Amino acid sequence: MPITQVKGARSVSGTIREEFWDFVPGNYVTGGIPVTAHDFGLMSIYGITFIGGDSASMGYRIAFNNETSTLYIEDGGTEVANDTSLSSTSFRLRVTGI
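Described in the following lines is the structure provided in the data block. Keep in mind that this is a model prediction, so the values were computed, not measured.

### Structural notes on the pairing of strand E1 (residues 3–13)
So, step 1. Sheet topology places E1 next to strand E2 (residues 16–23); 7 bridges connect them, and they run antiparallel. Looking at the pairing, threonine 4 lines up with aspartate 22 of E2.
So, step 2. In sequence, E1 turns back onto E2 through a hairpin of 2 residues, with glycine 14 there showing a positive phi of about 65°.

Below, the structure is given as structure tokens:
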């Protein structure tokens, strides 16, 4: 699951950091793709928002579950099927945390 920081796209307000990352999920796992604060160079994640991506990402929706620390991906309002390859799809995420 490659995650690449968007260079120069960072905002800091006190201890809160907001950064932008390009995320290529690989094969989707039913129930969501687990992520950690460490994946994004943070100590804690407050939220993750899907803000865009490449042409292949159009039509998808990503939601972050704070309780399970997973990224849930939908296509047309339905969860993407287990083991669906999204390895050629890049999503841009806004990650907020400390």
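### Some details on the packing of aromatic side chains
So, step 1. A full pass over the atoms with the stated rule returns 3 aromatic pairs.
So, step 2. Geometrically, the ring pair formed by tyrosine 60 and phenylalanine 91 is edge-to-face, given 5.8 Å between the ring centres and 80° between the ring planes. Of this pair, tyrosine 60 sits in strand E6 (residues 60–65) while phenylalanine 91 sits in strand E10 (residues 91–97), placing them 31 residues apart in sequence. This pair shows no difference in class: tyrosine 60 is buried, exactly as phenylalanine 91 is.
So, step 3. An aromatic cluster is present here, built from Phe50, Tyr60 and Phe91 joined pairwise through their rings.

Criteria and thresholds
- Residues numbered from 1 in each chain as written.
- Predicted model: local features only at pLDDT ≥ 70, side-chain atom pairs only at ≥ 80, totals over all residues.
- Heavy atoms only, no water.
- Pairing = 2+ DSSP bridges.
- Helix = DSSP H or I, 4+ residues; strand = E, 2+ residues; numbered from the N terminus.
- Phe/Tyr/Trp six-rings, centres within 6.5 Å; stacked < 30°, edge-to-face > 60°.
- Buried < 20%, exposed > 50% of the residue type's maximum accessible area, 1.4 Å probe, protein only.

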